[in-house]
Amino acid sequence: MAWSLGRICKGVQRLGSLSSVQSQLSHPATSGSVRTMLGMPSSCFSKPRDFSLPNSSWGSEMMRLYKHYNSQCEVVMEGGVEQEGPWRRLPSYNRSLKYATGGVYLNKIIQSKARLFTRNTGDPGVAFEYVLFFNREEQRCVGIFQAGHLLEGPPGHVHGGAIATMIDTVTGSLALILCGPVVTANLNINYRKPIPLGSTVLLESSLDRKEGKKIFITSKVTSSDGSKLHTDTTALFVSISLSNLLLGS
């Protein structure tokens, strides 16, 4: 997300009143970096782990697709000069900003234990293993997702709610990068084929259109080789201000 969240965190630490915090959040600074609401590193947290990088639990298909898209993030030109490629890997962290609704700080116990839903365990491979890549020119976002055994719904297969979570993650990331802070208004998911636990699937999303504050996105989930369609989805997101999101106004 194109907000300088590190600056926000530092500013909040210096401010003692809610009105000052609200004023700071109402005029956020921008930067060229992408910071998603899926996990936002900042100076508030020391040495954050990037969960989008490969780990020992990733299977061969997960690694194959990761290498395919990651190789397109940088293109080596003649003379050894590197130029940005069409795709960009989106870093992913397990913490968000330390605000509660109404703008008050979360207590220290909650602060120390709070984790984003899709990054709520440190054990590799047991739940959501995924990485997102973004293509600005094509206005597309793809997610590579390997489902762990804690996501079981039907015997041996991924729970439909876990699939919906990943669809929301990928489509929401695309809406966020293109339009700034958003909230999900509607996900219309058609489940076509179940996803086996432990398998790797590809989630593809693309911008359909924008109408004022409304962002319409289409998405599909396929097998890693594209031969099976697991879901197809239409999603609607609504743009909101950062101060409304964080202060609950």
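This text goes with the structure placed above it.
Quantities reported herein were computed from a predicted structural model and do not represent experimental measurements. (Residues numbered from 1 in each chain as written. Predicted model: local features only at pLDDT ≥ 70, side-chain atom pairs only at ≥ 80, totals over all residues. Heavy atoms only, no water.)

Caption draft 1: Broad picture of the overall build of the protein. What the protein contains, in helices and strands, is six helices and nine strands. Split into buried and exposed, the 249 residues of the protein put 44% on the buried side. When contacts within the protein are restricted to residue pairs at least 6 apart in sequence, those whose partners lie at least 24 apart make up 67%. Within the structure as shown, the protein displays about 12500 Å² of accessible surface, and the carbon and sulfur contribution to it stands at 51%. (Helix = DSSP H or I, 4+ residues; strand = E, 2+ residues; numbered from the N terminus. Buried < 20%, exposed > 50% of the residue type's maximum accessible area, 1.4 Å probe, protein only. Contact = heavy atoms within 4.5 Å. Areas by Shrake-Rupley, 256 points an atom, 1.4 Å probe, with all protein chains shown as cover.)

Caption draft 2: Up close: the sheet that holds strand E5 (residues 140-147). In space, the seven strands of this open sheet follow the order E3-E4-E5-E7-E8-E9-E6, with antiparallel pairing throughout. Strands with a single pairing partner mark the edges of an open sheet, and in this sheet they are strand E3 (88-90) and strand E6 (182-191). On average, adjacent strands in this sheet sit at an angle of 25° to one another, irrespective of strand direction. Pairing analysis gives nine bridges linking E6 to strand E9 (residues 229-239), with the strands arranged antiparallel. Across the sheet, residue Leu187 finds its bridge partner in E9, namely Ala235. This element, helix H5 (residues 160-179), spans E3, strand E4 (128-135), E5, E6, strand E7 (200-211), strand E8 (214-223) and E9 of the sheet and lies at about 135° to E6. (Pairing = 2+ DSSP bridges. Axes fitted to C-alpha atoms, helices over the stretch in contact; angles between N-to-C directions.)

Caption draft 3: Molecular detail of the pairing of E4. Most of E4 sits inside the fold, with eight of its eight residues counted as buried. Every second residue of E4 is oriented toward a common face, with Phe128, Tyr130, Leu132 and Phe134 on one face and Glu129, Val131, Phe133 and Asn135 on the other, all of them buried. Note that E3 and E4 share three bridges and pair antiparallel. Each residue of the ladder has a partner; that of Leu90, found in E4, is Leu132. As defined by bridge partners, E4 adjoins E5 across eight bridges and the pair is classed as antiparallel.

Caption draft 4: Inspection of the side chain of Thr222 at higher detail. Examined against the element boundaries, Thr222 turns out to sit in strand E8. Not counting residues up to four positions away in its chain, the partners in contact with Thr222 are Val201, Leu202, Glu204, Lys228, Leu229 and His230.

Caption draft 5: How the structure looks around the environment of Tyr191. With respect to the secondary-structure elements, Tyr191 resides in strand E6. Look at Tyr191 and you get partly exposed, because its relative accessible area is 44%. A polar side-chain atom of Tyr191 sits 2.8 Å from the main-chain carbonyl oxygen of Gly160. (Polar contact = N/O pair within 3.5 Å; in protein donor to acceptor, adjacent residues only side chain to side chain.)

Caption draft 6: Fine view of the nonpolar core. With 33 residues, the main nonpolar core has Phe128, Phe145, Leu151, Leu203 and Ile217 as its most contacted residues. Elements represented by at least two residues in this core include exactly E4, E5, H5, E6, E7, E8 and E9. The contacts of Leu203, once residues within four sequence positions are left out, are Cys141, Val142, Gly143, Phe145, Met166, Ile167, Val170, Lys220 and Val221. Counting 12 residues, the second-largest nonpolar core is a separate cluster that includes Leu65, Trp87, Val142 and Leu202. (Core = buried A, V, L, I, M, F, W, Y, C linked by side-chain atoms within 4.5 Å.)

Caption draft 7: Structural context of H5. For H5, spanning 20 residues, the distance from its first C-alpha to its last is 28 Å, which sits close to the expected 28 Å at 1.5 Å a residue. With respect to burial, H5 is a largely interior element, 15 of its 20 residues being buried. Looking one or two places after H5, you find Gly180, whose phi comes out positive at around 85°. (Expected span 1.5 Å × (residues − 1).)

Caption draft 8: Main features of empty space enclosed by the protein. Under the definition given, this model contains two cavities of 30 Å³ or more. There is about 100 Å³ of room inside the largest cavity. Forming the walls of the largest cavity are 15 residues, and the residues nearest its centre are Phe51, Thr121, Asp123, Phe128 and Glu129. Of the residues assigned to the lining of the largest cavity, the class counts are five nonpolar, six polar and four charged. (1 Å grid on protein atoms, 1.4 Å probe; cavity = no way out; pocket = protein on both sides within 12 Å on 5 of 7 lines; lining within 4 Å. Points joined across faces, edges and corners; volume = space filled by probe spheres on them. Nonpolar A, V, L, I, M, F, W, Y, C, P; charged D, E, K, R; others polar.)

Caption draft 9: Region of interest: the pattern of salt bridges. If you walk through the whole model with that rule in mind, you get seven salt bridges. For Asp50, the salt bridge is made with Arg89, and the minimal N-O distance between the two is 2.9 Å. Of this pair, Asp50 sits in the loop between helix H2 (18-26) and helix H3 (60-70) while Arg89 sits in strand E3; the two residues are 39 residues apart in sequence, bridging distant segments of the chain. The exposure class of Arg89 is partly exposed, given its relative accessible area of 22%. Measuring nitrogen to oxygen at the nearest pair gives 3.2 Å for the salt bridge that ties Arg140 to Glu204. Here Arg140, found in strand E5, pairs with Glu204, found in strand E7; they are 64 residues apart in sequence, far enough to count as distant. Linked by salt bridges that have partners in common, Glu138, Arg140 and Glu204 make up one network. (Salt bridge = Lys/Arg side-chain N within 4 Å of Asp/Glu carboxyl O.)

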